[in-house]
Amino acid sequence: MSLVCLGLGSNADPHVPFGACLDALEATFGALKVSRVFESEPVGISSPTNFHNAVVAFESDWTPGALAAWAKAFEARHAGAPAGGHRPKALDIDLLSVGDTCARVDGITLPRPDITSCAFVLTPLAELLPDQCHPCCQTPYKTLFERADFSGQRLWPVAFRWRGVVLSP
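Remember, it's a predicted structure, so these values are computed and weren't measured experimentally. (Residues numbered from 1 in each chain as written. Predicted model: local features only at pLDDT ≥ 70, side-chain atom pairs only at ≥ 80, totals over all residues. Heavy atoms only, no water.)

Draft legend 1. Inspection of the pairing of strand E1 (residues 2-10) at higher detail. Of all nine residues making up E1, eight are buried, and the element is well covered by its neighbours. In this sheet, strand E4 (residues 51-60) lies alongside E1 in antiparallel orientation, the contact comprising nine bridges. Opposite Gly9, over in E4, you have Asn53 as the bridge partner. (Buried < 20%, exposed > 50% of the residue type's maximum accessible area, 1.4 Å probe, protein only. Helix = DSSP H or I, 4+ residues; strand = E, 2+ residues; numbered from the N terminus. Pairing = 2+ DSSP bridges.)

See below:
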């Protein structure tokens with residue numbers, strides 16, 4: 001079993017798709033750890049809406065390819081607008097890491113390269129798993145977050161409930 005980390009994102013209202021995704025992840029993989037949900041301004045693209053992001057962690061023995069296929073299939077069934085352009089997308093699921101894997105596996109680079117450069121990924125990851133080490137540099141996520149300069153990437157926690165439990169703020 002390996003610790004799997006997924007990033008959830010949306011530039012539409014995330015409450016329904018995030019909740020449905022968390023329900024499906026729990027039904028498929030068991031116990032989840034879920035970060036707070038953060039809202040952020042668009043970074044690197046022009047979008048009329050802000051983004052919402054969270055990180056989910058769980059144990060699994062699935063391969064990276066199987067995990068990515070599950071995520072993309074779930075997205076396709078529940079995401080609403082297709083990817084592309086700058087239209088709102090109800091749900092985006094990214095495979096961030098699988099255990100200590102630091103390689104290209106099943107056509108997927110692990111860990112996801114933008115973990116350390118995107119506040120909307122590293123902030124919830126460092127909050128959820130502060131002592132977990134980044135697989136390649138073996139530095140705890142909390143330390144990577146403390147060293148990062150995210151001055152151009154403003155984000156803030158937003159109210160979010162899953163099954164009656166307040167996950168944010």
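Draft legend 2. Spatial organisation of helix H1 (residues 15-29). With 15 residues, H1 extends 21 Å between its outermost C-alpha atoms, agreeing within 8% with the 21 Å of an ideal straight helix rising 1.5 Å per residue. Phi turns positive, to about 95°, at Gly30, one or two residues after H1. (Expected span 1.5 Å × (residues − 1).)

Draft legend 3. Region of the structure containing the state of the cysteines. Under the definition given, this model contains one disulfide. With no disulfide of its own, Cys5 has Cys133 as its nearest cysteine by sulfur position, at a separation of 12 Å. We classify Cys5 as buried; its relative accessible area is 1%. The thiol of Cys133 is not disulfide-bonded; the next cysteine sulfur, from Cys137, is found 7.8 Å away. Look at Cys133 and you get partly exposed, because its relative accessible area is 24%. (Disulfide = S-S within 2.5 Å.)

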